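Below are the chains, spelled out letter by letter.
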Amino acid sequence: MRKTELLIPAGSLDVLKTAVIYGADAVYIGGEAFGLRAKAKNFTNDDIREGIAFAHDRGVKVYITANILAHNEDLSGVEEYFNELKEIRPDAVIISDPGVFAIAKRVIPDMELHISTQANNTNYGTYLFWHQLGAKRVVSARELSLAEIKEIRGKIPEGLEIESFIHGAMCMSYSGRCLLSNYMTGRDANQGACTHPCRWKYSIVEEKRPGEYMPVYENERGTYIFNSKDLCMIEHIPEMMDAGIDSFKIEGRMKTALYVATVARTYRKAIDDYNKDPELYKANMDWYRSEIGKCTYREFTTGFYFGKPDETTQIYDNNTYIKNYTYLGTVEAVDERGYARIEQKNKFTVGETIEVMKPDGRNLEAAVRAIYDEDGNSQESAPHPQQILFVELSAELEQYDILRRSEMK
């Protein structure tokens, strides 16, 4: 059996550390340039160095995205950036553009190169093409079925790795190559600046009836015609492994630490359970489903993996996420009194009961006994995001525990 990598996204140094602690085998991040998430916090070179050291100390790899579709003016900067990465030494660089790939081969010849899904990798001929050029891994297009991926696996060298998405948002455009954002807002999705117009609500206006907005779909609210459900394959780990996929990729470099921890921990346990005993995996399915539902999501679909999607994979009546839990903060340290130092993310109050999420899979209910600011002043609530607080709970806390509150009634 091929060893399966769990690949987790991180949009900041804190989230990278969360991904590592909660079960990632590898983490993918963006530097300050040439990645496709310009609105993410992204990493300075110093952040990348610290993140790589933290990950490598724990046996986890770090990959850096450089997967824009480059224009002429980008190429000199790409070369300069790769010279910086040569010194920083991530485990791999993720690329979609052939011109950028050629620069990488010349500037960082000893570094693994992975081909992004943005390169439209839909057949074994494409995989063989990139392999001949020296790529170590190719990320499959989201539009492939598991049967197609399995066929690709049978027609490419054993040493060429396949990476495929297992969870996260689905792009409505082919392999993410979308012009809507650029056309409507001047912000190019293929340069990392997508404004996600696929999530907007649309109606039809007839040329001679300006101001009369007719819904595209037969209801009174208009329709979110491009708005896809999120991919979730937690119930199909065996089929993903059987297809010969080397790396299970989670989408979401702009997600919170709570999202990353929840998804990483759930898929880590599912993969490990299945490898230990397929019957154990089946027995724990209710736990996986329950836990994966605690991250923010737009309902779930299996995407293209079992055939062409139909109308049930779209969400026509809204663009909102389902949010069953609220992220309150991550424990940065625990002092001699047992108080947790956190950077508060959302409001909570003394006296309420919250949940402590631990990397080992446990979820502990805990009463909020006291909240103190940095000066030691007691306060009844934590109303201001990003405030540094010291929190006393009724449960024992450790660094990297995540505090969250259930919103399910």
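A brief look at the structure comes next.

1. Thoughts on the packing of aromatic side chains
Ring pairs (aromatic) are described by centroid distance and by the angle formed between their planes. Using the criterion set out here, one finds 8 aromatic pairs in the structure. Ring plane angle 65° and centroid distance 6.1 Å describe the contact between Phe 54 and Tyr 400, whose orientation is recorded as edge-to-face. Taken together, the positions of Phe 54 in helix 2 (residues 45-57) and Tyr 400 in the loop between strand 18 (388-393) and strand 19 (402-406) put the pair 346 residues apart, joining distant regions of the chain. The residues Phe 54 and Tyr 400 share a single accessibility class, namely buried. Seen from their ring centres, Phe 129 and Trp 130 are 5.2 Å apart, and the 75° between their planes marks the pair as edge-to-face. We classify Trp 130 as buried; its relative accessible area is 5%. Each member of the aromatic cluster is reached from another via a ring pair, and the members are Tyr 274, Tyr 281, Trp 287 and Tyr 288. Across the ring face of Phe 54, the terminal group of Arg 58 is positioned such that the distance to the ring centre comes to 3.7 Å. The ring of Trp 287 carries the charged tip of Lys 269 above its face, separated from the ring centre by 5.9 Å.

2. Topic: the pairing of strand 1 (residues 5-9)
For strand 1, the tally of buried residues reaches 5 of 5 residues, placing the bulk of the element in the interior. Of the pairings in the sheet, the one linking strand 1 to strand 11 (residues 247-250) comprises 3 bridges and is parallel in character. Bridge pairing links Leu 6 to Phe 248 in strand 11. Where strand 1 meets strand 2 (residues 26-30), 3 bridges bridge the pair, whose relative direction is parallel. From the neighbouring strand, Leu 7 faces strand 2, where its bridge partner is Ala 26. A crossover connection joins strand 1 to the parallel strand 2 through helix 1 (residues 13-21); in handedness this β-α-β unit is right-handed.

3. A short note on the packing of helix 5 (residues 124-133) against helix 6 (residues 146-155)
Taken N-terminus to C-terminus, the directions of helix 5 and helix 6 make an angle of 40°; their axes are 9 Å apart at the nearest point. Classified by the angle between their axes, helix 5 and helix 6 sit oblique to one another. Along this stretch, helix 5 crosses helix 6, giving a crossing that reads as right-handed. In contact with Tyr 124, Tyr 127 and Leu 128 of helix 5, helix 6 contributes Glu 151, Ile 152 and Lys 155.

4. Considering the environment of Glu 374
Inspection of the secondary structure puts Glu 374 in the loop between strand 16 (363-372) and strand 17 (378-379). Residue class for Glu 374 comes out exposed when judged on its relative accessible area of 54%. For the pair formed by Glu 374 and Phe 390, sequence separation is 16 residues and the distance between their alpha carbons is 7.2 Å. Setting aside its immediate chain neighbours within four residues, Glu 374 contacts Arg 341, Ile 388 and Phe 390.

5. Looking at helix 2
The first and last C-alpha atoms of helix 2 sit 18 Å apart over 13 residues, in line with the 18 Å expected at 1.5 Å per residue. Within helix 2, burial applies to Ile 48, Gly 51, Ile 52, Phe 54 and Ala 55. One face of helix 2 carries all of its buried residues, which in axial projection span an arc of 165°. Away from its buried face by more than 90 degrees, helix 2 exposes Asp 46 and Asp 57. If you follow the buried residues of helix 2, they end up packed against helix 1, strand 2, strand 3 (61-65) and helix 3 (75-88). Remark: Gly 59 follows helix 2 within two positions and exhibits a positive phi of approximately 75°.

6. Looking at the pairing of strand 18
Within strand 18, 5 of the 6 residues are buried, leaving the element largely enclosed by the surrounding structure. The pairing of strand 14 (residues 340-343) with strand 18 spans 4 bridges and is antiparallel. By the bridge assignment for strand 18, Glu 343 is matched with Ile 388. For strand 16 and strand 18, the ladder comprises 4 bridges, and the chain directions are antiparallel. Bridge pairing in strand 18 places Tyr 372 opposite Phe 390.

7. Brief notes about the packing of helix 9 (residues 257-276) against helix 11 (residues 285-292)
As a packed pair, helix 9 and helix 11 sit with axes 9 Å apart at the nearest point and diverge in direction by 165°. As far as their axial angle goes, helix 11 and helix 9 are roughly antiparallel. Where helix 9 crosses over helix 11, the handedness of that crossing is left-handed. Of the residues in helix 11, those in contact with Thr 262, Val 263, Arg 265, Thr 266, Tyr 267, Lys 269, Ala 270 and Asp 273 of helix 9 are Trp 287, Tyr 288, Glu 291 and Ile 292.

8. A few points about empty space enclosed by the protein
This model, assessed by the stated rule, comprises 1 cavity of 30 Å³ or more. Empty space within the largest cavity amounts to approximately 40 Å³. Along the walls of the largest cavity sit Arg 142, Phe 165, Met 170, Leu 231, Thr 302, Gly 303, Phe 304 and Tyr 305, which together make up its complete lining. Taken together, the residues of the lining of the largest cavity break down into 5 nonpolar, 2 polar and 1 charged.

9. Quick look at helix 3
Here helix 3 contains 14 residues, and its C-alpha end-to-end distance of 20 Å stays within 8% of the 20 Å for a straight helix at 1.5 Å per residue. When we look at burial in helix 3, the residues that qualify are Val 78, Tyr 81, Phe 82, Leu 85 and Ile 88. Angular distribution of buried residues about the axis of helix 3 spans 110°; they occupy a single face of the element. Opposite its buried face, helix 3 presents the exposed residues Ser 76, Glu 80 and Glu 87, each directed more than 90 degrees away. Looking at the buried side of helix 3, the elements it contacts are helix 2, strand 3, strand 4 (92-95) and helix 4 (98-107). Looking one or two places after helix 3, you find Arg 89, whose phi comes out positive at around 60°.

Quick notes on the rules
- Residues numbered from 1 in each chain as written.
- Predicted model: local features only at pLDDT ≥ 70, side-chain atom pairs only at ≥ 80, totals over all residues.
- Heavy atoms only, no water.
- Phe/Tyr/Trp six-rings, centres within 6.5 Å; stacked < 30°, edge-to-face > 60°.
- Helix = DSSP H or I, 4+ residues; strand = E, 2+ residues; numbered from the N terminus.
- Buried < 20%, exposed > 50% of the residue type's maximum accessible area, 1.4 Å probe, protein only.
- Lys NZ or Arg CZ within 6 Å of the ring centre and 35° of its normal.
- Pairing = 2+ DSSP bridges.
- Right-handed = clockwise from strand over helix to strand, strands pointing away.
- Axes fitted to C-alpha atoms, helices over the stretch in contact; angles between N-to-C directions.
- Parallel < 35°, antiparallel > 145°, perpendicular 65-115°, else oblique.
- Left-handed = near helix turned anticlockwise from the far one by under 90°.
- Contact = heavy atoms within 4.5 Å.
- Expected span 1.5 Å × (residues − 1).
- Arc of directions from axis to C-beta.
- 1 Å grid on protein atoms, 1.4 Å probe; cavity = no way out; pocket = protein on both sides within 12 Å on 5 of 7 lines; lining within 4 Å.
- Points joined across faces, edges and corners; volume = space filled by probe spheres on them.
- Nonpolar A, V, L, I, M, F, W, Y, C, P; charged D, E, K, R; others polar.

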